[in-house]
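Each chain, letter by letter, is given below.
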Amino acid sequence: MAADPERVAVIVGVGQVSDRPADPMQGRDSLGLMVAALEEADRDAGGGWLADAGSVAVVQQISFRQDNPLAQKVADRIGSAARIVYESVGPNGDSPILLLNEAANRIATGDVKIAVVTGGEALRTASQRAALAAKTAVADQNPIRNLAKGRAPGYRQIHGLAAPVDVYPLYENAGRAAYGQTLAEGQRESGEIWSRFSAVAASTPAAWIHAPKSVDEVIEPTAENRPIAFPYTKLMVANSSVNQGAGFIVTSLAEARRRGVPEGRIIHVGRGAAAHEADDFMARDRYDKSPSMEVCLKRTLEWNGVTAGDLDLAELYSCFPCVPKMARRVIGWPLEKPATVFGGLTFGGGPIGNYMSHAVAEMVDSLRAGDGRTGLLFANGGFATHNHAIVLGVEPLPGAGEAHAFDCQAEADAARGPVPELVKDYAGPATIETYTVFYARDGRPGSGVVVARLPDGNRTLAHVPGEDAATIAFLTDGANEPVGSGGTVAAGGEMMVWRRG
């Protein structure tokens, strides 16, 4: 039986905006970026859609936290009296794909005829304004780290594990060891992926940075490409210093046709899948891969009847290299094929939770342009926590017109191995499970942290003082693989300290 076109979810309009004001006081705030993006999407779809939206969904923003929640403000600004108005639970990287999936399901159930999704972050403007007010450097006004200001640091934070850039290297180093790569080989893979990202961004008008980078330029530490958290340099991490907004309009195939949208501009929404790791990044079973990511990706491909070989395009989330590295191994995405349509979070831009709205927009434009027939959108958020993927196509995908339960959490939980207990006061022999080293802005190592496994299989954290040059060198010089090597956890002030051998 043919699918009912009244229930087949499609995307008919996409919009993106970038704001680069010479005077930060004249820049758009996050709300302004969201509304502008939806107005662009409305023009892209032929006009007249926004006021008729029955659902308005917004990706939570952090740039102007004092203005939250923004969903109703967005609805009011676009003239919508939508019955369903809400924003994502957090500013997580999977939010745009989650909201797209929910919009498609509402179309399939007939709950709404038109749904809009938007997000925006004016992080650059917010930081510049805060720096002017506080008379500090802009670099001292990091909205992500500022979220933790005023809170007493906990066990993880005193070891340096506070922001995503501190935690994702744990996956990077564990993954490299599991893949059997040397440090040079692991870095080379990161450089290959990121160099291709930069090339895509260079030809993408909406991307933030239009400067192709070679593999060596990505991976070699320099004054302009300083080390951040081992083994990541500045060019390997998400660039949150942007002012970007993006949005899209989802409707039924029948409504699109009634409103005269040309068939070649209609993009079909497939089925999605979602699964998550524990919110506590120390309560993971392992750091060389993610069971929830694997289940999410495998089910997305299965439910849409495609393999990696069938996909023409892909956006594999790229806050840090470990994420697309893990994802491409799950689906078999080749290294030589770009894993982005937008440019990745370094070059395309990293507007916190809303990056994937830009990826949706670019995927739609790429499919319309004939660059392929199907594309995978894979999103990740939190501390390698949240996973949500979906497929878009120029033709209806399996299950078109049917609402779909996308939660795969039970399967992911069943695939997860035992989670080691975290022992905070352990002293004695242990083995490095993973690690990282944190760098000061001048490029000098500040300190390191080791995630260690105890003889009974449990887990602890151990501090590596910056003045312990020998251990810092052992962790970073690539002469030997630190993961799996032995050492001792010993008392050392407020933190237990890692000693080699």
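Everything discussed here concerns the structure shown above.
Described in the following lines is the structure provided in the data block. (Residues numbered from 1 in each chain as written. Predicted model: local features only at pLDDT ≥ 70, side-chain atom pairs only at ≥ 80, totals over all residues. Heavy atoms only, no water.)

Observations concerning the pattern of salt bridges
Thought 1: Tallied over the entire structure, the rule returns 28 salt bridges.
Thought 2: Residues Arg258 and Glu6 are paired through a salt bridge, measuring 2.7 Å at the closest nitrogen-oxygen approach. Residue Arg258 is found in helix H10 (residues 253–258), and its partner Glu6 is found in the segment before strand S1 (9–18); the two are separated by 252 residues along the sequence.
Thought 3: For Arg258, a relative accessible area of 48% puts it in the partly exposed group.
Thought 4: Here Lys325 ties to Glu172 by a salt bridge, and the two come within 2.5 Å at their closest N and O atoms. Of the two residues, Lys325 sits in helix H12 (residues 322–331) while Glu172 sits in helix H7 (residues 164–178), which places them 153 residues apart along the sequence. (Salt bridge = Lys/Arg side-chain N within 4 Å of Asp/Glu carboxyl O. Helix = DSSP H or I, 4+ residues; strand = E, 2+ residues; numbered from the N terminus. Buried < 20%, exposed > 50% of the residue type's maximum accessible area, 1.4 Å probe, protein only.)

Here's the deal with the environment of Lys234
Thought 1: For Lys234, the location among the structural elements is in the loop between strand S6 (232–233) and strand S7 (243–252).
Thought 2: Once you skip the residues sitting within four places of it in the chain, Lys234 turns out to touch Glu224, Asn225, Arg226 and Ile228. (Contact = heavy atoms within 4.5 Å.)

Description of the nonpolar core
Thought 1: Ile11, Leu376, Phe378 and Leu392 are the most contacted members of the largest nonpolar core, which totals 94 residues.
Thought 2: In terms of residue count, the dominant contributor to this core is helix H14 (residues 355–368) (eight residues).
Thought 3: Contacts of Ile11, omitting those with residues within four sequence positions, involve Leu100, Phe248, Ile249, Val250, Arg265, Ile266, Ile267, Val269, Val360, Val364 and Leu392.
Thought 4: Met34, Ala41, Ala82 and Val261 belong to the second-largest nonpolar core, a separate cluster that totals 28 residues. (Core = buried A, V, L, I, M, F, W, Y, C linked by side-chain atoms within 4.5 Å.)

Details of the packing of helix H3 (residues 95–109) against H14
Thought 1: It is the contact of H3 with H14, at a shortest axis distance of 6 Å, that shows an interaxial angle of 60 degrees. Comparing their axes, H14 and H3 come out oblique. Contacts between H3 and H14 involve Pro96, Ile97 and Leu100 on the former and, on the latter, Met356, Ser357 and Val360.
Thought 2: Taken together, the residues of the contact of H3 with H14 sort by class into five nonpolar, one polar and no charged. (Axes fitted to C-alpha atoms, helices over the stretch in contact; angles between N-to-C directions. Parallel < 35°, antiparallel > 145°, perpendicular 65-115°, else oblique. Nonpolar A, V, L, I, M, F, W, Y, C, P; charged D, E, K, R; others polar.)

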